[in-house]
Amino acid sequence: MSGPGSRRRHPGRGLVGGIARFLATGLVVLPLSLGVYLTAVALGVDAIAARALSFLLGTALVAVLHRRWTFRTAGVRGALGWTALLYAATFAVVVVTHGIALALLPAVVAAPGIAVAAWVVSQGVGTAINFLVLRGAVFR
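Residues numbered from 1 in each chain as written. Predicted model: local features only at pLDDT ≥ 70, side-chain atom pairs only at ≥ 80, totals over all residues. Heavy atoms only, no water.

Enquirer: I'm lost on the overall build of the protein in this one. Help?
Expert: Along its length, the protein carries four helices and zero strands. Mapped from its N terminus to its C terminus, the protein presents α and β elements in the order α-α-α-α. Accessible surface, the protein: about 8400 Å² in total, of which carbon and sulfur atoms supply 71%. (Helix = DSSP H or I, 4+ residues; strand = E, 2+ residues; numbered from the N terminus. Areas by Shrake-Rupley, 256 points an atom, 1.4 Å probe, with all protein chains shown as cover.)

Here it is, written out as structure tokens:
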């Protein structure tokens, strides 16, 4: 029986299932995003611009996957605006984090790995923010 106070259980829609699908989606998009970043840097594009490009391409793909598979929703009223705001804020955080990482990592990471390490740090911060906000506010 369902009423205002009851909640229906949906297999795989709990926190653990959501985290598992979120991580799987990220693992699908990660090589594409990192590949775009490394290719752009190898072609002489500024590292910050390359990070911005990889974020935009990766985010476009992952947004579709999260909506349809990770959070299993056809749409949420007002979600487009909230998602756009989230991704804009995350974009700023990722680019700033990447710049900070590029400045600080040479002290602890060998030269060839600095760009990848900075990308990984900024991606981790962005991913954590996205999951928490998408799960808690957009795709409840």
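Enquirer: Quick question: what am I supposed to make of the side chain of Ser54 here?
Expert: Positionally, Ser54 belongs in helix α2 (residues 47-70). According to the relative accessible area criterion, Ser54 is buried, its value standing at 0%. Setting aside its immediate chain neighbours within four residues, Ser54 contacts Ser33, Val36, Tyr37 and Trp119. (Buried < 20%, exposed > 50% of the residue type's maximum accessible area, 1.4 Å probe, protein only. Contact = heavy atoms within 4.5 Å.)

Enquirer: How do you make sense of the nonpolar core when you look at a structure like this?
Expert: What tends to happen in soluble globular proteins is that the nonpolar side chains get buried as a cluster. Judged by nonpolar contacts, Leu34, Tyr37, Ala40, Ala50, Ala115 and Trp119 together constitute the single largest core of six residues. It is helix α1 (residues 15-42) that contributes the most residues to this core, three residues altogether. When neighbours within four sequence positions are excluded, Ala40 is seen to be in contact with Val45 and Ala50. Listed in part, the five residues of the second largest apolar core include Ala101, Ile114, Ala117 and Ala118. (Core = buried A, V, L, I, M, F, W, Y, C linked by side-chain atoms within 4.5 Å.)

Enquirer: Looking at this model, I keep getting lost on the packing of aromatic side chains. Mind explaining?
Expert: For any pair of aromatic rings, the description consists of the separation of the ring centres together with the inter-plane angle of the planes. For the structure on display, the rule yields one aromatic pair. On the basis of an interplanar angle of 55° and a centroid distance of 5.5 Å, the ring pair of Phe55 and Phe91 is categorised as tilted. Placement of Phe55 in helix α2 and of Phe91 in helix α3 (residues 79-104) is noted, with a sequence separation of 36 residues between them. Since its relative accessible area comes to 28%, Phe91 is described here as partly exposed. (Phe/Tyr/Trp six-rings, centres within 6.5 Å; stacked < 30°, edge-to-face > 60°.)

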